[in-house]
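# Structure at a glance
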Amino acid sequence: NYKIFSLYYRFNMFAFYLIIQRAKKISIFEVYFYIMNLQIRELTSIEEMLDQIDTMRFLYPMITVEKYKSFLLEMVPHNYIQIGVFQDETCVGLTGCWSATKLWTGKYLEIDNFVVNPEYRSKGIGKLLTDFIEQKAIALGCSSIVLDAFTGNFGAHRFYYNQGYNPKGFHFVKILDESKITK
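From a predicted model like this one, the values you see are computed outputs, not experimental measurements.

Basis of the calculations
- Residues numbered from 1 in each chain as written.
- Predicted model: local features only at pLDDT ≥ 70, side-chain atom pairs only at ≥ 80, totals over all residues.
- Heavy atoms only, no water.
- Helix = DSSP H or I, 4+ residues; strand = E, 2+ residues; numbered from the N terminus.
- Buried < 20%, exposed > 50% of the residue type's maximum accessible area, 1.4 Å probe, protein only.
- Contact = heavy atoms within 4.5 Å.
- Areas by Shrake-Rupley, 256 points an atom, 1.4 Å probe, with all protein chains shown as cover.
- Core = buried A, V, L, I, M, F, W, Y, C linked by side-chain atoms within 4.5 Å.
- Salt bridge = Lys/Arg side-chain N within 4 Å of Asp/Glu carboxyl O.
- Pairing = 2+ DSSP bridges.
- Axes fitted to C-alpha atoms, helices over the stretch in contact; angles between N-to-C directions.

## Digging into the overall build of the protein chain
Looking only at helices and strands, the protein chain has seven helices and five strands in total. Helices (α) and strands (β) of the protein chain occur, in sequence order from the N terminus, as α-α-β-α-α-α-β-β-β-α-β-α. When the 183 residues of the protein chain are sorted by exposure, 33% land in the buried category. Within the protein chain, contacts between residues at least 6 apart in sequence are counted, and of these 56% link residues at least 24 apart. With an accessible surface of roughly 12500 Å², the protein chain has 58% of that area assigned to carbon and sulfur atoms.

## A look at the nonpolar core
Counting residues in each nonpolar core, the largest one holds 21 residues, and the members touching the most others are I111, I125 and I133. Mapped by element, the contributors of at least two residues to this core are strand 2 (81-87), strand 3 (90-102), strand 4 (106-116), helix 6 (125-140) and helix 7 (154-162). Looking at which element gives the most residues to this core, the answer is helix 6, with five residues. Residue contacts for I133: discarding those within four places in its chain leaves I83, T95, C97, L109, I111 and I145.

## Thoughts on the pattern of salt bridges
Under the definition given, this model contains six salt bridges. K183 is the partner of E178 in a salt bridge, and the nearest nitrogen-oxygen pair spans 3.1 Å.

## Quick look at the sheet that holds strand 3
Strand order in the open sheet formed by five strands is 1-2-3-4-5, and the pairing between neighbours is mixed. Of all strands in the sheet, those with a lone pairing partner are strand 1 (38-43) and strand 5 (144-147), marking the two edges. Strand-to-strand twist across the sheet, computed as the mean angle between neighbouring axes with direction ignored, equals 25°. Both strand 1 and strand 2 contribute to a ladder of six bridges, which runs antiparallel. In the strand pairing of strand 2, E42 is matched with I83. Relative to strand 4, helix 6 is tilted by about 160°, and along the sheet it contacts strand 1, strand 2, strand 3, strand 4 and strand 5.

Here's what the structure looks like:
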């Protein structure tokens, strides 16, 4: 019975998509937004960002509110914002980003602290975030989008390759005080 329902549901969703797309010329992602009741929001205040600490803890389980706030107080004055995907009022995906300029690339947008709630992974949330980031970078006049992914995070590597990102170099790190690293 589940298989029959699943096929019936998928067929109806596809039919719904075709009807809506013809009538309004909208994309499958817009239909997905509608069906899943998803919203993308830019978070620009520290308070808005602090409200999403539970989502950030999927990436950094041990981060405290105090540490998170102290970092945000340093980051926000340097153009740091966050982009969140919300289902109703629940944040299901979150990324930080900021723009800057370097000699080799000119103006660029950097993705930082990209995380999707594990219950929502492989459901298009990450793609929604990267697509939004790309449009933001274009609107800002950036030449490129950059990011770091930990060397052992092969799932992230695969995801970013699938979104059109490629490694350009190595990000070398020399740890000076292990106790200050967020875990």
